[in-house]
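A closer look at the structure
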There are 12 protein chains.
Amino acid sequence: MKKIAVLHGPNLNLLGIREPNIYGDLSLDELNESLSAMASDAGFELVAIQSNIEGELVNALQEQGFSSHGIIFNPGGYTHTSVALRDAVAAIASPVIEVHLSHPDAREEFRRNSLLREVCVGSITGLGAESYQAALRYFMGQ
Amino acid sequence: MKKIAVLHGPNLNLLGIREPNIYGDLSLDELNESLSAMASDAGFELVAIQSNIEGELVNALQEQGFSSHGIIFNPGGYTHTSVALRDAVAAIASPVIEVHLSHPDAREEFRRNSLLREVCVGSITGLGAESYQAALRYFMGQ
Amino acid sequence: MKKIAVLHGPNLNLLGIREPNIYGDLSLDELNESLSAMASDAGFELVAIQSNIEGELVNALQEQGFSSHGIIFNPGGYTHTSVALRDAVAAIASPVIEVHLSHPDAREEFRRNSLLREVCVGSITGLGAESYQAALRYFMGQ
Amino acid sequence: MKKIAVLHGPNLNLLGIREPNIYGDLSLDELNESLSAMASDAGFELVAIQSNIEGELVNALQEQGFSSHGIIFNPGGYTHTSVALRDAVAAIASPVIEVHLSHPDAREEFRRNSLLREVCVGSITGLGAESYQAALRYFMGQ
Amino acid sequence: MKKIAVLHGPNLNLLGIREPNIYGDLSLDELNESLSAMASDAGFELVAIQSNIEGELVNALQEQGFSSHGIIFNPGGYTHTSVALRDAVAAIASPVIEVHLSHPDAREEFRRNSLLREVCVGSITGLGAESYQAALRYFMGQ
Amino acid sequence: MKKIAVLHGPNLNLLGIREPNIYGDLSLDELNESLSAMASDAGFELVAIQSNIEGELVNALQEQGFSSHGIIFNPGGYTHTSVALRDAVAAIASPVIEVHLSHPDAREEFRRNSLLREVCVGSITGLGAESYQAALRYFMGQ
Amino acid sequence: MKKIAVLHGPNLNLLGIREPNIYGDLSLDELNESLSAMASDAGFELVAIQSNIEGELVNALQEQGFSSHGIIFNPGGYTHTSVALRDAVAAIASPVIEVHLSHPDAREEFRRNSLLREVCVGSITGLGAESYQAALRYFMGQ
Amino acid sequence: MKKIAVLHGPNLNLLGIREPNIYGDLSLDELNESLSAMASDAGFELVAIQSNIEGELVNALQEQGFSSHGIIFNPGGYTHTSVALRDAVAAIASPVIEVHLSHPDAREEFRRNSLLREVCVGSITGLGAESYQAALRYFMGQ
Amino acid sequence: MKKIAVLHGPNLNLLGIREPNIYGDLSLDELNESLSAMASDAGFELVAIQSNIEGELVNALQEQGFSSHGIIFNPGGYTHTSVALRDAVAAIASPVIEVHLSHPDAREEFRRNSLLREVCVGSITGLGAESYQAALRYFMGQ
Amino acid sequence: MKKIAVLHGPNLNLLGIREPNIYGDLSLDELNESLSAMASDAGFELVAIQSNIEGELVNALQEQGFSSHGIIFNPGGYTHTSVALRDAVAAIASPVIEVHLSHPDAREEFRRNSLLREVCVGSITGLGAESYQAALRYFMGQ
Amino acid sequence: MKKIAVLHGPNLNLLGIREPNIYGDLSLDELNESLSAMASDAGFELVAIQSNIEGELVNALQEQGFSSHGIIFNPGGYTHTSVALRDAVAAIASPVIEVHLSHPDAREEFRRNSLLREVCVGSITGLGAESYQAALRYFMGQ
Amino acid sequence: MKKIAVLHGPNLNLLGIREPNIYGDLSLDELNESLSAMASDAGFELVAIQSNIEGELVNALQEQGFSSHGIIFNPGGYTHTSVALRDAVAAIASPVIEVHLSHPDAREEFRRNSLLREVCVGSITGLGAESYQAALRYFMGQ
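Residue positions are given per chain, counted from 1 along the sequence in the order it is written. As a convention, the first chain written is A and the first ligand written is 1, with the rest following in written order. Side-chain atom pairs in this predicted model are given and counted only at pLDDT of 80 or more, local residue features only at pLDDT of at least 70, and totals for whole chains, interfaces and linings cover all residues. Side-chain metrics in this entry use all non-hydrogen atoms of the structure; hydrogen atoms and water are not considered.

Topic: the overall build of chain A
Each helix corresponds to a stretch of at least 4 residues labelled H or I by DSSP, and each strand to a stretch of at least 2 residues labelled E; elements are numbered beginning at the N terminus. If you tally the helices and strands in chain A, you get five helices and five strands. Secondary structure elements of chain A, listed N to C terminal, follow the sequence β-α-α-β-α-β-α-β-β-α. By definition in these notes, contact holds between two residues if any of their heavy atoms fall within 4.5 Å. In chain A, once contacts between residues fewer than 6 apart in sequence are set aside, the share between residues at least 24 apart is 79%. Accessible areas in this description were obtained via Shrake-Rupley with a 1.4 Å probe; residue shielding takes into account the shown protein chains only. Total accessible area computed for chain A in this model is approximately 4600 Å², and 47% of it derives from carbon and sulfur atoms.

Below, the structure is given as structure tokens:
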């Protein structure tokens, strides 16, 4: 059974609580459950991890990155500043898609730049929970 | 019957011919047909337009932009430089998703900037034909 | 009878429809008619042209630019990016005034720069239809 | 009787003497008189003030800025550097139009930027005395 | 009896009138009185000066800067552009704290930079009248 | 009993040991005790937390950020680079004041920029222990 | 018989009329005829196309770009801004040499940058009609 | 009898008091007297003016600028920011030499740029009182 | 017995696995063992620590930084972004040499900048395991 | 008999040895001989000089620059950094064409800028030995 | 007998020939003679050296820099680019004044920056031969 | 017997004399002797060359660059500006290590950039004579 990993970065544990006009009112648990259901329907296992700590996300990428069919990664605020996460994505074997619930390009200037994006295979932004689902469907179709 | 428009910008008529290592070997007609099939299965009409001329794409956005349920727009090389297209996207009523077959952020520096992205509701890059299909599915789910 | 040309750039055909809080609710036809009336009262002919296509505006500048007493030019979104329009303005014999209905300097950063402005004889912004009328009056007084 | 204020910034007292190839040969008194005549013909009072001192212009904006129908402001060399004048324009109730006799954008690089322009309702440049007259006409037509 | 000087820069005479959503509705006189009361309770003399003119503030810094126990300085719009004020702060003997009622860093880009801040002993922003009071308390505690 | 939280970022556990010419010779425990005394005198509870790990500070902001009357935050070296901390400050309900013992603007270039400052209600720098005390007094006075 | 294509961009139809001190007094027809003569003497066919419209030049590159022995391209004002033309040059099979009659590097700052130059095999500037002839001779010698 | 004017900008009235390690311990009066003596020995009149106020320096340049043989100008902190002073120097008839006691290029970054320098006939820095004397000698030798 | 500490930053636990064309095929354990052998031969103790977490590296620097004869630090991806690590290096007593297996300057643009380098006593890059050995030899020779 | 000078800058003596995939396998002697033959056939004298030393190239420009019909100059690595060579080109009487065997614009970023180009009459890049020959033909045709 | 050295950089051997509108028509020999006369009148020896080669100027600075009372240095085009000359000026014992015949700040942008200026004791520009004479007089007066 | 070349750039002949607080008090001869001793002990020949002239260093790289086992290069002030030296390093066959006695990154801003570093195999800075010795040991171990 193939595994797909979902990594949620900093502050995503506040989903549904934090600025719902930007991020929607779905909680992180509800999001993970809907993705798990979609995955198991198609015969895939889904592993979901959240951390506020940059280095723990490096750890998670290393642990999931040699055994996963694909990794869906929402790096949150580390998107724009983390060379360590970028190096981790480049170091592992599994392909990574960067996702965002909101559309960072329509927000502050400093959210336009993504160090991670260059080493991912693709990126999906602004579609809410659909951002995750489209990535999941893409990996399941590979 | 709800209409969804697909707009293809400059050089996309060369799809399947031009740099297949970057853009894949699907032709533009084949891509349009696969999208039409998906749309009509779900009870939507799909309109597909291609032009190499910036102002004709402004025209197309204006013509489709008050009657479409959603617009899927691959602005190609105009992504990075066209204020006129940006103004057209902002002026119309239909929501627009920017799509790219390839992953511009992993390419040259001048492809990182997108004037259009800020006025779209989302963007999807790097998934090949799946970039279009994810956008289509998103609009059909709204 | 001396001729004065008015050139309207991209998206100005949507005048009255597009973002009326920024651009007002006068339609392009109404604006052209009011300018024509002012011109013919003073014994001038007024020619009004609109195009969404950069190169057609180059054509229009070349066609009007050797026989007009003056050209009133609202280059819209091409203001900030078009070297070709700038070269056309520099190449023709008629003096050109750049006009804008809104006040681009009070908007997004990328609207601050104008490649065209340097080769025009003057610029008028932010006065709505008055921007055009002041330019017209200036040319009629020369 | 409605009042319209005209504020002339630094070095405009040299009008007609200083670099006439750029600024024309009309003196400041002659300019003020022609504007006064235009205003009183239409039933408006015109107040004209000149100062070389940035803070005195701040004072003038504060003194005129709650009782004037409109303010025509040529900030001269302070255009490009004065946050204090910008704050004064933003703080007062009367609308302000920035005017220039010459066309700063066709001159040195450091004249391209205007801190004031963003808080004005419009700007008019390059039309000589007509720059002032168009602004006056605009306010009288409001 | 030790003296503490409070210097208010351009447009602060409009306090309570100008943009109350940003600057509050306390007038400058009321602010000065509350500071004087605090100071005299603790056995200090308080001198308060306001000017819209950059050079008069230079003068005030020079006049107060060799006899004051401390200077509380709100340089307003000159914060971001004045080398002359910076040189005056560096030239005098009394320590200076820069204060702002509002929080300039949360506003326009050009308000982020402070030439003065580097030569002050500290800065306090965003606390309204408390910005002044905290500075006063600091100097009284030295 | 209202709670006020004090968060100390990286390297502040070395207070009194590290570069005393910049940071003073008060230890972190001594600082916390003096703040606690001030708070309890006024009927407030004070919670003090220190961590060198960016993500743990995100955790602390989330844990304190819905139950505290105010948060006093010295983000240390994360001030200039952390989007994750900024997002956490923006996500929580409690108001945050950024404090620094030293005056970063008078130090290296890369310390001038603060990503956090924009989402705080104010900032206080350069006053040593007084920076914390002024923030505490401000919250206690609200 | 091998074909060589010559593409002239915007405003080159004004050759001989527009700023002759920069561009010389040869008309476009005369230039094309002299190139045709040179080509046919050496047993080559020469195709010459001019357009003011960016997208039509994209079309021309696509139409000539799979059957020509070489393409001589003077992109005029689009040199500095067009990603679409750059993509077209990269997409086609024929080698392209960028030519300019004048020497853009000795002119305005914004003419220094060429997005096209990187995807061409070479560039020739400043030699007037000789710029075209040297490119033609190069292709005929391959 | 020919007149040479010496203009001293902001904070130069503190000469001998302010940072003597940079500016020396000569007072402004002593400096002016030594220059007057040199001038009268050679049959020239010397006029010396000091002001901390930018606009008063504009006034002084205008008043001295049509009757002086030469102007020696130490613009102090206005060197780097004042377009108004630059415009005044360009507007007057007398040649101006910019002088500095210290060597601004060896100091902070923001002191490297001089808006004034471009419109002066020369500049002399770093020679202390000799900076003024060399300028004086130059004008007397013309 | 003198202690020398070796700190390995993020992703270095993948040594030998991750991109061996850049980083070589030696594992981290093998590297540490070869360094330990070198150190103990010369009568030094070697302590080796690896962490993917920025704040844990701050902790390690603080713990080793007052008792070590020298610290050899490969900060990996944190090299370019961490002010917190820089502050830790500056705060401790032991001298630090920055080492890299690869040669970051020959790689991507964003790897050129090192915030840490300025507070280290030296840096060694591009020599593979020799980078560490040269640093070790340097400390053992002091 | 008219003289044409060919100046080869640093490292061009390695032609045929150094990176032949970029610079071709023709040696410098072979290149000079082919140019000499072309020149003498047309009744011109050709002088060829190579130096690795910037100042010797300044000397050569001065020595050849008042007696040559034209100068063909490949400044190699000095293209991008030498103000001294630029000044020499501007100081001499003979016209200069800048040539490059390769196409610097298609290489590293720092090769895009040319200080020399602005003072030359034209430039030719990317055509290998043809770059020199086209320049030679241009001068022989003048 | 004290020695003063005059160093002339690249292209100054063309003085009187090269662009006399900028540099005047005095030859280098005439300039050196007039300086020698001035020096020997005052009992000083004057040594004058010219070279077009950066490294020879480094040599000259080293040779003169430990035995000269002062060095007058016109670095010409190396002013803006040479770190090696800067290091030489910093390394020697004699004080250096940078002189220019013309006024580089009034010329091209790239002439505004001077790497050398920071390590000199002063600079004099724009006074023609007087630039040298003022420096000479300064050293003779020390 | 394998040869290792040591190239010393500008001003290194002043070693021991120039700024000993930065560069130490070892003379260049002493440094070369210690390196020769180390090399001959290990059966290598060492060739040491110093020049202040950029082009002579290009020559030396070319002469040593096809017969040396390795080259140790301290480019001094040319590190930051020389494209010609970079091209020479790239053109030769021998591997090059860049060394510096001091730690340029801890000094002025313009010393941070190294054009050479990218084409070297490694770099060592800040270790004094050990910088050279570590490079030598590296080459001897290959």
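Description of the packing of helix α3 (residues 54–64) of chain B against helix α4 (residues 83–91) of chain B
Residue and element names in this part refer to chain B. Running from amino to carboxyl end, α3 crosses α4 at an angle of 0°, the nearest separation of the two axes being 9 Å. Taken together, the axis directions place α3 and α4 in an arrangement best described as roughly parallel. Residues Glu54, Leu57, Val58 and Leu61 of α3 pack against Ala84, Leu85, Ala88 and Val89 of α4. Counted by class, the contact of α3 with α4 contains seven nonpolar, no polar and one charged residues. With axes taken as lines fitted to C-alpha atoms, and helix axes fitted only over the stretch in contact, angles between N-to-C directions fall between 0 and 180 degrees. Orientation categories follow fixed angle ranges, with anything under 35 degrees roughly parallel, anything over 145 roughly antiparallel, 65 to 115 roughly perpendicular, and all other angles oblique. Residues are grouped as follows: nonpolar covers Ala, Val, Leu, Ile, Met, Phe, Trp, Tyr, Cys and Pro; charged covers Asp, Glu, Lys and Arg; every other residue, Gly included, is treated as polar.

Concerning the sheet that holds strand β2 (residues 45–50) of chain A
Think of it this way: DSSP has to see at least two bridges between two strands before they count as a pair. As summarised here, the arrangement of the 10 strands in space is β2(A)-β1(A)-β3(A)-β4(A)-β5(A)-β5(B)-β4(B)-β3(B)-β1(B)-β2(B), forming an open sheet in which the pairing is mixed. In this open sheet, the two edge strands, each paired with only one partner strand, are β2 of chain A together with β2 (44–50) of chain B. Between one strand axis and the next, the sheet turns through 20° on average, direction left out of account. When strand β1 (residues 2–8) of chain B meets strand β3 (residues 70–74) of chain B, the two strands line up parallel, connected through five bridges. From the neighbouring strand, Val6 of chain B faces β3 of chain B, where its bridge partner is Ile72 of chain B.

Comments concerning unusual backbone geometry
Residue and element names in this part refer to chain A. The phi angle at Asn11 is positive, at roughly 75°, despite the residue not being glycine. Positionally, Asn11 belongs in the loop between β1 (3–8) and α1 (20–23). For the exposure calls, accessible area comes from a 1.4 Å probe over protein chains only, and a residue counts as buried if that area is under 20% of its type's maximum, exposed if over 50%, partly exposed in between. When its relative accessible area of 1% is taken as the criterion, Asn11 is described as buried.

Observations concerning the pairing of strand β3 (residues 70–74) of chain H
The two faces of the sheet receive side chains in turn, since in a regular strand these alternate between them. Residue and element names in this part refer to chain H. Along β3, five of the five residues are buried, which leaves the element largely enclosed by surrounding structure. Of the pairings in the sheet, the one linking strand β1 (residues 3–8) to β3 comprises five bridges and is parallel in character. By the bridge assignment, Leu7 is partnered in β3 with Phe73. Direction of pairing for β3 relative to strand β4 (residues 96–100): parallel, over a ladder of three bridges. The partner of Ile71 across the bridge, within β4, is Val96. Handedness of the crossover is the feature at issue here: the chain leaves β3, passes through helix α4 (residues 83–91), returns alongside β4, and the resulting connection is right-handed. We call a crossover right-handed when, viewed with the strands running away from us, the connection from the first strand over the helix to the second turns clockwise.

Digging into helix α3 (residues 54–64) of chain G
Each α-helix winds once per 3.6 residues, and so residues spaced three or four apart point in a common direction. Among the 11 residues that make up α3 of chain G, eight are buried, leaving the element largely enclosed by the rest of the structure. Looking at the buried residues of α3 of chain G, the elements they touch are α3 of chain B, α3 (54–64) of chain C together with β1 (2–8), β2 (44–50), β3 (70–74) and α4 (83–91) of chain G.

A few points about a negative patch on the surface
A contiguous patch of negative charge on the surface is contributed by Asp25, Asp29, Glu30 and Glu33 of chain A. Position of Glu30 of chain A relative to the elements: it lies in helix α2 (residues 28–41). Nonpolar side chains (Val, Leu, Ile, Met, Phe, Trp, Tyr) are joined into patches within 5 Å and like charges within 9 Å, using only residues with over 30% relative accessible area and no salt bridge. Think of a salt bridge as a Lys or Arg side-chain nitrogen and an Asp or Glu carboxyl oxygen that are within 4 Å of each other. All tallies of charge rest on Lys and Arg as positive and Asp and Glu as negative; His and the ends of each chain are not included. By convention, charge coordinates are those of NZ in Lys, CZ in Arg, CG in Asp, or CD in Glu.

Notes on the pattern of salt bridges
Close approach of charged atoms allows side chains with opposite charge to pair. Residue and element names in this part refer to chain C. Tallied over the entire structure, the rule returns six salt bridges over all chains. One salt bridge connects Glu98 with Arg117, and the closest N-O pair in it is separated by 3.0 Å. A residue pair is termed long-range when its members are at least 10 positions apart, and Glu98 in strand β4 (residues 96–100) and Arg117 in the loop between β4 and β5 (122–125) qualify at 19 residues. The class for Arg117 is buried, based on a relative accessible area of 3%.

Some thoughts on helix α4 (residues 83–91) of chain J
All names here are of chain J. The buried count for α4 comes to eight of nine residues, which makes it a mostly enclosed element. Looking at α4, one finds that the buried residues are Val83, Ala84, Leu85, Arg86, Asp87, Ala88, Val89 and Ala91. Buried residues in α4 make contact with α3 (54–64), β3 (70–74) and β4 (96–100). We call two N or O atoms a polar contact when they sit within 3.5 Å, provided that within protein one can donate a hydrogen and the other can accept it, with sequence-adjacent residues counted only if both atoms are side-chain atoms. If you check the start of α4, you find a side-chain oxygen 2.9 Å away from the backbone N of Leu85, and it comes from Ser82.

Topic: the sheet that holds strand β3 (residues 70–74) of chain C
Taken in spatial order, the 10 strands of this open sheet run β2(C)-β1(C)-β3(C)-β4(C)-β5(C)-β5(D)-β4(D)-β3(D)-β1(D)-β2(D), and their pairing is mixed. Bordering the open sheet on either side are β2 (45–50) of chain C together with β2 (44–50) of chain D, each of which pairs with just one other strand. If you compare each strand with its neighbour and ignore which way they point, the axes differ by 20° on average. As defined by bridge partners, strand β4 (residues 96–100) of chain D adjoins strand β5 (residues 122–125) of chain D across four bridges and the pair is classed as parallel. Its bridge partner lying in β5 of chain D, Ile97 of chain D is registered against Gly122 of chain D. The strands touched by helix α2 (residues 28–41) of chain C within the sheet are β1 (3–8) and β2 of chain C, with β2 of chain C carrying the most contacts at an inclination of about 160°. Across the sheet, helix α5 (residues 129–141) of chain D is in contact with β1 (2–8), β2, β3 (70–74), β4 and β5 of chain D; its angle to β4 of chain D comes to roughly 165°.

A short note on the environment of Glu45 of chain D
All names here are of chain D. Counting through the fold element by element, Glu45 comes out in strand β2. Distance from Glu45 to Ala5, taken between C-alpha atoms, is 8.4 Å for residues 40 residues apart in sequence. Contact partners of Glu45, with chain neighbours within four places excluded, come to Met1, Lys2, Lys3 and Ile4.

Quick notes on the confidence of the model for chain A
The predictor attaches a confidence to each residue, and that confidence, scored 0 to 100, is pLDDT. This prediction gives chain A a mean pLDDT of 87; 89% of its residues lie at or above 70. Interface confidence for the predicted complex, expressed as ipTM, amounts to 0.84; the pTM equals 0.81.

Quick notes on the environment of Ala37 of chain H
One can find Ala37 of chain H in helix α2 (residues 28–41). Spatially, the C-alpha atoms of Ala37 of chain H and Val119 of chain H are 29 Å apart, while their sequence positions differ by 82 residues.

Considering the environment of Ile124 of chain J
Topologically, Ile124 of chain J is positioned in strand β5 (residues 122–125). Residues within four places of Ile124 of chain J in sequence aside, it is in contact with Ser123, Ile124 and Leu127 of chain G together with Ile97, Glu98, Val99, His100, Ser131, Ala134 and Ala135 of chain J.

Concerning the side chain of Ser131 of chain I
Mapped onto the elements, Ser131 of chain I comes out in helix α5 (residues 129–140). The residues touching Ser131 of chain I, leaving out its near neighbours within four places in the chain, are Val99, His100, Leu101, Ile124, Thr125 and Gly126 of chain I.

Focus: the packing of α2 of chain A against helix α5 (residues 129–140) of chain A
Residue and element names in this part refer to chain A. At their nearest, the axes of α2 and α5 sit 11 Å apart, and the two run at 25° to each other. One finds that α2 runs roughly parallel with respect to α5. The two elements α2 and α5 cross, and the hand of that crossing is right-handed. Each of Leu31, Ser34, Leu35, Met38 and Ala39 in α2 lies in contact with α5, whose residues at this interface are Ala129, Tyr132, Gln133, Leu136, Arg137 and Met140. Broken down by class, the residue content of the contact of α2 with α5 amounts to eight nonpolar, two polar and one charged. For any helix crossing, the convention is left-handed if the near helix is rotated counterclockwise from the far helix by under a right angle, and right-handed if that rotation is clockwise.

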